[in-house]
Each structure stands twice: as structure tokens, then as C-alpha cells.
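# Topology and contacts: notes
Residue-level listing of the chains:
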Amino acid sequence: MFLPKSYLFTIKRLNHEWVKPEGYDTGIKVFNCVTKNKQPLIVKNKNCVTWYTCGPTVYDSSHIGHASCFLKLDIIQRVLRQHFKLNLVTVMNITDIDDKIIARSNALKISTKELAKQFEREFWRDLDALEISRPNCVMRVTENLDIIKEFIIKLVDNKKAYQAENGSVYFDVGAYGRYGKLQNLGEEDTVSSTYKKSNMDFALWKAAKQNEVYWESPWGPGRPGWHIECSALASHVFGSELDIHAGGIDLRFPHHENEEAQSCSLHQKNQWVNYWLHTGHLHLTDCEKMSKSLKNTITIGSLLETTTPQVFRMACLMSHYRSSMEFSFEFMSTASNVLKNYINFIDNCNSYLNGHLKSNVNSDVVNDLLVNSVSRIHDALQDDFNTPVVIKILNEITSKVNSILHPSETGSSKSVSILAVSNFVTQTLHMFGINVDKKRVSDGVSNRNFEEVMNILNDFRKDVRQLGIFNKDQEILKLCDNVRNDLKKCGITVKDHGKLSSWS
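About the thresholds
Residues numbered from 1 in each chain as written. Predicted model: local features only at pLDDT ≥ 70, side-chain atom pairs only at ≥ 80, totals over all residues. Heavy atoms only, no water. Phe/Tyr/Trp six-rings, centres within 6.5 Å; stacked < 30°, edge-to-face > 60°. Buried < 20%, exposed > 50% of the residue type's maximum accessible area, 1.4 Å probe, protein only. Helix = DSSP H or I, 4+ residues; strand = E, 2+ residues; numbered from the N terminus. pLDDT = per-residue confidence, 0-100. Contact = heavy atoms within 4.5 Å.

With the rule as written, the count across this model stands at 10 aromatic pairs. Seen in terms of ring centroids, Tyr 162 and Tyr 170 are 6.1 Å apart; in terms of plane orientation they differ by 35°. Their pairing is tilted. Of the two residues, Tyr 162 and Tyr 170, neither departs from the other in class, the shared state being buried. When the ring of Phe 171 is compared with that of Phe 202, the centres are 5.1 Å apart and the planes differ by 25°; the resulting orientation is stacked. Of this pair, Phe 171 sits in strand β8 (residues 169–171) while Phe 202 sits in strand β10 (residues 202–207), and the two are 31 residues apart along the sequence. Classification of Phe 202 by relative accessible area gives buried; the value is 6%. Among the aromatic residues, ring-to-ring pairing joins Phe 70, Phe 123 and Trp 124 into one connected group.

Our next topic: the confidence of the model for the chain. When the pLDDT values of the chain are averaged, the result is 89; 90% of them are 70 or greater. In this model, residues 441–446 is a region of pLDDT below 50 whose contacts with residues beyond four sequence positions or in other chains number five contacts.

So, on to the environment of Cys 230. By secondary structure assignment, the location of Cys 230 is in helix α6 (residues 226–238). A relative accessible area of 1% means that Cys 230 is categorised as buried. A C-alpha to C-alpha distance of 9.1 Å links Cys 230 and Gly 55, two positions 175 residues apart in sequence. Those residues in contact with Cys 230 that lie beyond four places of it in its chain are Tyr 52, Cys 54, Asn 93, Ser 235, His 255, Glu 259 and Trp 272.

Right, dumping it as C-alpha cells:
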């Protein structure tokens, strides 16, 4: 069907309602971009919670804006799986053909396939380096074109899409009639277009241009539009209803709006995705956001030259997933110090439990702190995954217990409550993907070798220091102090406990 070159169309806005799903109530409340407030997270089946994430368009290196998005989503997935005991099934797409890929491949004089494979490999290396869990299922666009074309055929057959004079196929927003669910677009829009019924209509199938890679279809040679990919691939795996769909806030409109529109049209439902999760922008100081088009990006590789994956993860935990996050080396330094404080806290607990640190511990006080913290952290996680509040609570309990562990000449008893707090802090951070065991090092050095080297150095310094104390040799003691101070500059803390020494 071909349309006149000029066509006026008016779309009346509707009041959209979110339909509360039936199923298992997780006890969590999440922000809902349709109702603009928090709603109970109800999943169809707790033993198979469906989650789809919009993956990358692989035409260039990923930057730290992508890293913060995928890392924050990784944290939420860990919380759902480990804290709330949900069996999460995750799918991600890879956009390996689109305008940007074609333009970049032409500029580099390589095939689109070669370019996409190159940057997809780099994307997975970056995610692995950041210790982000991979999705259960990955679906590439070029490997699933039949699925996408079948989806478009059904929309055309149902009169929700049409082929225009330029050969491309467009989704008919007017025929859908419920557009604007995820984003307020005003009361009505009067629009005109050369080929489309409405400027709001979007391409499902793009007719091939001259000397451009293409695939055959019922509408002629071409390739899929961007929005149709996720709808078709997610529907193929999960069907007509999806628990959670996630991505960056920049995808809410038009990408996710278009996904919802075409999927509801195909499945003949008022609601395809029950919960949309959107992460906030990451931006540099004095910048609105980080974007390749704005040419203000920092690659993930560059990031990891100046900080560790664990420090960046801590920074993401300190910022709510929906909030914008300002990247600066000062913020990374703050996150690094928070991480070091936890590592030192666990080391203090171990020193106390091993008898290196003698303290008078009131078990009742410590147990009360623990019970209170456990309850408050659970409440924070139920409240739209409020990780900054969790970090605040962890900071409070570690600070209070550290003050309880101050050295005492008369301290001799061992309180299991200290072990309980140590386990709780360790396990909570581990759930987030943070490891506070000093034996684990993320700088590329073998964990075992690093630990052995540090133990040898620590024992040698301890013996030399004891020799200096025995002989009252101030020069030797000064040398020992110099070693301790130099190690501190490298981020390693050495503590002396009478005749014993420890490191963290």
C-alpha cells in the first residue's frame, strides 16, 4: 500500500492506566513510569521471572555511561536473585546492523559483519572486566531476521503497519491509538510527513539504499528498524507478557514507547511489559550526560586504567539506579575510601577473633545493632532497590562496631556477635558483587601470589620490628615505620598489635 506524499494526521492523547499484574507479590515496590509513582512488584511466576535488557549497538567502544547502566542493572539482578530468591531469566539483544554500523564500516572500509563482531567482542571483554554477569540468553539481530520479519508481517496483516512510497514499512501510530504511555507528549499532535501518515510513525523495515547491505523481505530488500528488534526478539522468548524490561533512561522514549506500542498491537493487549526499569544518566562534571554523539565519552578501558572494577561498582551502589550519576575522580576516590573502610573493618573483626586485638565487647549492644541493620537494609531494598541507603546503614554499623573494638588491656573474651556482624557485612556486599576479603586483588596480579608476598613482607617487618624493640634500636624502628608508611601510599594498611602485625 502506497500513500500520498503529503498526509495530515491528528492523534488524540489518552489517559493511560497501568494494569496491576496477577501473580506472586515480591514485597518490593518499584518506580513505575506509567503511573509516575512506586507500585508493588508482582511477577507472574517467582520460579521464572522474565527480564529483558536492551543491549548495545556494536559500532564503537562502550563508554562508562554504558558501564554504569549495565552495572546498576547487574546489581538489581543480584538483589532479586540472592536477597529475594527469585529465579530470574535474562535476555539481551545485540544490535549488529543499523545506520551507525553501516556508516562506521564504510568509513573503516570493512564489512558490517566484521565491524559488529569486533566491537561485540570488546563489549563482552568490558563487561567481564567489570565483573558484570552475562545474560542467560543473547540474541543478535542478523541471526534472527526471520523472527523479526514475521513480527512485521503480522502487524501489516492486522492493519497496524503499512508500506510507504519510499519502500519502507512503518508502524501506524494512529491505528494503534494508545501512543504516549511511557512519556507525556501533550494532549494532541498535528503532524505532516512526506512518506508517512504521521511523523510519529516509525520504521519497522527500512528499504535498502544504493550500495547498502540488505536482506530480502516481502517488501523488498532492506533491514529491520531499530525498535522492532527488541519487540520481536523478546516476544519470541517470553511471549505476550514480560515481567521486567530494562535499559537506560534515554531509551524510555522513543525506543521503549515504540516497543510497547507495536508489541501491544501484535499481542492485542493493553500491556506488554509490566515493569520498566530505567537507569539514570552518567555525566561528567558540568555536562548534561555522556554520549558518543556529544564526543565527551570515557571508554571502559580508560576507566580501568585509573580505578578498579570494585571501586566503580561501589560508586554505582552509592548512587540510586534511577538517579543521574556525576563521574569525577573525586567521586571515585570517595568510593575507594568507602571500600577500604569495609576491608579494614573486616580485618579488624578478624584481628579480634584471632586474638590480635583485645577488646571488651558488649554482645547485647552488637546484636541489637545487627538486628536493626538487617531489618533496615531489607526495607531499603524493598523500596525500589535503594542501595545508597544500604551503604549508609553499612557505614553506620561498621563505624559503631569499630568503636566497640577499640583496644583494651583487659579484653579477653570472644563474642560471636562480632563474627555475625562481619558475616552480615561481607554477605551483603558480596550480594552486590563487592568482595571485601583482602586476599582478593583485582589488579591483574595472582591472588595467591599477592597474598603470599604480603604475608612474607609482613612477617619479615614484624620480626625486624621486634628485634628493634628488644634492642631499643630507634633506627630499625624508624625503618619499619617507613615501610608501613610506604605501603599505605599503595593502599595497603599495616597494623601492629603488640608482638603481632597484620595487613589489609
